[in-house]
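Okay, here's what each chain looks like letter by letter:
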Amino acid sequence: MSLMYKSTRNSSNKVLASQAVLQGLSNEGGLFVPETIPVLDKTMEQLAAMDYREIAYEVMKLFLTDYTEEELKDCIKKAYDSKFDTAEIAPLKKVGESYYLELFHGATIAFKDMALSILPHLLTTAARKNNIKEEIVILTATSGDTGKAALSGFADVEGTKIIVFYPKSGVSRVQEKQMVTQKGDNTYVVGIHGNFDDAQTGVKKMFNDRELNQKLKEAGYLFSSANSINIGRLVPQIVYYVYSYVTLFKNNQIAKDEKINIVVPTGNFGNILAAYYAKCMGVPIEKLICASNENKVLFDFFHSGRYDKNREFHLTESPSMDILVSSNLERLIYHVANNDSEVTSKRMKALSEKGVYEISEDMKNNLKDFVGGWADASQTMEAIQKEYREHNYVLDTHTAVAASVYYRYRDETKDDTKTVIVSTASPYKFTESVLKAIHTGDLPEDDYEQAKLLKSISNTQIPKAVEELREAPIVHTNECEVDEMPSLVEKILKINEL
Ligand SMILES: *Cc1c(COP(=O)(O)O)cnc(C)c1O
């Protein structure tokens, strides 16, 4: 029997996993959710004998049931290979009394690599299974990080092309360099003269542009997106939660069935939702601690049951968490409403019309596994200083938000359950902010000099991604006005020349 996926906004819309991967969003704008969340069918002892890839298969086969064993294993093998700088893929480091799950060992040294290294393969396999003959063209608008992770994931994947639009003056120097030096004959990077919203709106328009889609089809292309709401990104993220529990068990850090807490630095709510799915699959997880920065819309939601995005937007030192609408929360709303798509639709309509919704007491009761917390700029810096001072371990700014929230939670509740703090980026990705916390003298201006300084004071290796950036030639120089985006796509795909 195949597991079906339903739309959070219309339960009668059901599709297979590969179709959900291809579609991304449902027609009504809802997100696809599994009809039931499967339970692990291997024992802890069996899982303890497996490596990351084998555990990935055991988890993903339960969700992506219309992929064959061979297809899934092939996707996993292509994704979790030497692109990662450690065979463990997601190492778990004991630091003091806590454990950091390091999700930053992939090509762009941040956690989005965990999913974006496999999504291209899940997508091309899904296209093949559903007899789609067109070549897939991924369009992405980025404020910096997702674009690079998507480019690395899709680079040289047969049957795909990827076009990334970024605001020409709206990303950091390092982020821009990472993108314009991207290798791969199927990758295209365009700086637009506008901000991130302009880029995103432009991409959405192209997805909905019938004439453009028809032209594409005639030329043998099909648009798709690598959006974080795709179940092809969510499912691979469940794997590392299972893996981290298995690792604790295997290394005798916990007894059989002992419960653990998980702390996740959160933005769009995708990563922590994967932890919730792992819990539903039977992993003994007690609390899911959701850590926010000053954009603490989720903290307020978990405390009041009211989601309100009408507030000031803060630019912080943890930019990947600067989000006021956490798209993946829609899936949790659906589950705590006992999988009721009408209840969910109503809330999402209120969110898009008024920017606010509230949940019922019953739904609130179903949220008891979650704890919301937040940390401001100085608390975040203090967390980096504390781990460095006490354990000589350097956190990036996102992970530091999680650590700060966790240490205060533990002080206030005296909850001494063993805890995994999810580490979403290498400190070398946010070198300057990290150095400001732990280095007293002047900072060098040059990015690479900063990396060398971080290396010398933290006694860690500079990641390959940072080393390579130094000498990498610039290969993408495309720029355009916002309204020229569609014609540039046609030019890139050589549509009018056919
Ligand atoms: C994307 C990102 C996050 C937020 O993850 P969500 O799944 O959007 O909640 C946190 N930290 C880093 C470094 C990220 O890139």
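If you're wondering where the values come from, they're calculated on a predicted model, not measured in any experiment. (Residues numbered from 1 in each chain as written. Predicted model: local features only at pLDDT ≥ 70, side-chain atom pairs only at ≥ 80, totals over all residues. Heavy atoms only, no water.)

1. Structural notes on the sheet that holds strand E15 (residues 419–423)
At step 1: The strand order across the open sheet formed by six strands is E4-E5-E15-E10-E11-E14, and the pairing between neighbours is mixed. Two strands bound the open sheet, and with one partner strand each, they are strand E4 (92–95) and strand E14 (370–374). Each neighbouring strand pair of the sheet contributes to a mean axis angle of 25°, computed without reference to strand direction.
At step 2: Relative to strand E5 (residues 98–102), E4 runs antiparallel, the two being bridged by four bridges. Within E5, the residue paired with Lys93 across the bridge is Tyr100. (Pairing = 2+ DSSP bridges. Helix = DSSP H or I, 4+ residues; strand = E, 2+ residues; numbered from the N terminus. Axes fitted to C-alpha atoms, helices over the stretch in contact; angles between N-to-C directions.)

2. A closer look at the layout of surface pockets
At step 1: Looking at the second largest pocket, its volume works out to about 660 Å³.
At step 2: Lining the second largest pocket are 24 residues, and of these Ala107, Lys148, Ser152, Gln182 and Glu468 sit closest to its centre.
At step 3: Put simply, the parts of the chain that give the lining of the second largest pocket at least two residues each are helix H7 (145–154) and helix H21 (464–471).
At step 4: Looking at side-chain class alone, the lining of the second largest pocket contains eight nonpolar, nine polar and seven charged residues. (1 Å grid on protein atoms, 1.4 Å probe; cavity = no way out; pocket = protein on both sides within 12 Å on 5 of 7 lines; lining within 4 Å. Points joined across faces, edges and corners; volume = space filled by probe spheres on them. Nonpolar A, V, L, I, M, F, W, Y, C, P; charged D, E, K, R; others polar.)

3. Some words on the sheet that holds strand E2 (residues 10–16)
At step 1: Strand order across the open sheet formed by three strands is E2-E1-E3, with antiparallel pairing between neighbours. On the outer flanks of this sheet lie E2 and strand E3 (32–34), each paired with one strand and no other. The mean angle between the axes of side-by-side strands here comes to 40°, regardless of whether they run parallel or antiparallel.
At step 2: Relative to E3, strand E1 (residues 4–7) runs antiparallel, the two being bridged by three bridges. The residue of E3 that forms the bridge with Ser7 is Phe32.
At step 3: Packed onto the sheet, helix H14 (residues 329–336) meets E1, E2 and E3 and runs at close to 45° relative to E3. (Contact = heavy atoms within 4.5 Å.)

4. Describing a negative patch on the surface
At step 1: On the surface, Glu317, Glu432, Glu445 and Asp446 cluster together to form a negatively charged patch.
At step 2: Assessed through its relative accessible area of 39%, Asp446 is described here as partly exposed. (Patch = residues over 30% accessible without salt bridge, like charges linked within 9 Å, V, L, I, M, F, W, Y side chains within 5 Å. Areas by Shrake-Rupley, 256 points an atom, 1.4 Å probe, with all protein chains shown as cover. Salt bridge = Lys/Arg side-chain N within 4 Å of Asp/Glu carboxyl O. Lys, Arg positive; Asp, Glu negative; His and termini not counted. Charge placed at Lys NZ, Arg CZ, Asp CG, Glu CD. Buried < 20%, exposed > 50% of the residue type's maximum accessible area, 1.4 Å probe, protein only.)

5. Points about the site of the ligand
At step 1: Residues in contact with the ligand amount to 14 residues; listed here are only the nearest, Lys112, Gly267, Asn268, Asn271 and Thr424.
At step 2: Ser320 is positioned such that a nitrogen or oxygen atom in its side chain is 3.5 Å from an oxygen atom of the ligand.
At step 3: Its free accessible area being 380 Å², the ligand has 96% of it covered by the protein chains.
At step 4: When its residues are assigned to classes, the shell around the ligand shows five nonpolar, eight polar and one charged. (Near = heavy atom within 4 Å. Polar contact = N/O pair within 3.5 Å; in protein donor to acceptor, adjacent residues only side chain to side chain.)

6. So, empty space enclosed by the protein
At step 1: Taken as a whole and assessed by the stated rule, the structure comprises three cavities of 30 Å³ or more.
At step 2: Here the largest cavity is characterised by a volume of approximately 60 Å³.
At step 3: Lys83, Phe84, Gly106, Ala107, Asp113, Leu116, Ser117, Ala149, Ser152 and Gly153 together form the lining of the largest cavity.
At step 4: At the level of elements, helix H5 (112–116) and H7 are the ones that each hand at least two residues to the lining of the largest cavity.
At step 5: Per-element accounting of the lining of the largest cavity gives the leading share, three residues, to H7.
At step 6: As for the second largest cavity, its lining consists of Asn293, Glu294, Thr316, Glu317, Ser318, Ala375, Asp376, Ala377, Thr380 and Val401.
At step 7: Looking at the lining of the second largest cavity residue by residue, the classes come out as three nonpolar, four polar and three charged.

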